[in-house]
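# Architecture and fold: a report
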Amino acid sequence: MKGRGRGGTVSARAVGLDAAVTNRSTIPAGFEDLRGRSFQERYAITELIAASPHRVTFVGIAAEGERPIVLVLLRPTVLHDAATRERFERRVRACARLRHPAIGNPIDSGETLDGLLWLVYERPAGQPLDRYLAGLPAGRLPWADARSLLLELVRGLAAAHGRGVVHGSVSPACCWV
């Protein structure tokens, strides 16, 4: 991104909003639609917030304590692969050590019987950036507001990178505002 969109605003397209990643009505092949269902008998899933061919993201409520959560299901390139599972678990442990206001804290993770890796983390306040932008006139955010949001995002990424954690898939669907 060069900095400014036309007219001093940043559009959804300028920050990488991709319809394939954010279509909330379609569940990709190989994933179950968990809306209105329980996951791992611990989480009541309420809504799909993002989907791509290799990942789906839902929001819901943890049965214990009724706290809001985000559930991410990942399809690894090789199912039931010990090395892939170990990398995922190592990454979850590293993320659990991060403490920054811009970073969600993982609270649970595992692997489903059919080989999907999953992560549950505390749901941040607000909504995903793609939804926020979609609710604005013409999907645009004034540059001063965009700058503030981007600085917060960059500070969170810098905190993670400083601890050796790289997000790897930053998109408007996983940035909460």
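Residues numbered from 1 in each chain as written. Predicted model: local features only at pLDDT ≥ 70, side-chain atom pairs only at ≥ 80, totals over all residues. Heavy atoms only, no water.

### Side note on the confidence of the model for the protein
Per-residue pLDDT for the protein has a mean of 82; in total, 86% of the residues score no lower than 70. In the model of the protein, strand β1 (residues 9-11) stands out as the element of lowest mean pLDDT, 32, in contrast to strand β2 (residues 38-39), which has the highest, 96. (pLDDT = per-residue confidence, 0-100. Helix = DSSP H or I, 4+ residues; strand = E, 2+ residues; numbered from the N terminus.)

### Here we look at the sheet that holds strand β5 (residues 68-74)
Pairing is antiparallel in the open sheet, where six strands are placed in the order β2-β3-β4-β5-β7-β6. Strand pairing shows two members of the sheet lacking a second neighbour, β2 and β6 (106-111), which therefore form its edges. With six bridges joining them, β5 and strand β7 (residues 117-122) adopt antiparallel strand pairing. Each residue of the ladder has a partner; that of Leu73, found in β7, is Trp118. Sheet strands in contact with helix α2 (residues 82-96) are β5, β6 and β7, and its direction is about 175 degrees off that of β6. (Pairing = 2+ DSSP bridges. Contact = heavy atoms within 4.5 Å. Axes fitted to C-alpha atoms, helices over the stretch in contact; angles between N-to-C directions.)

### As for the pairing of β6
Every regular strand shows the same layout, with side chains that alternate between the two sheet faces. With five bridges connecting them, β6 and β7 associate as antiparallel partners. Following the sheet pairing, Gly110 is matched in β7 by Trp118. The hairpin turn running from β6 into β7, its antiparallel successor, is five residues long, and Gly115 in that turn takes a positive phi close to 90 degrees.

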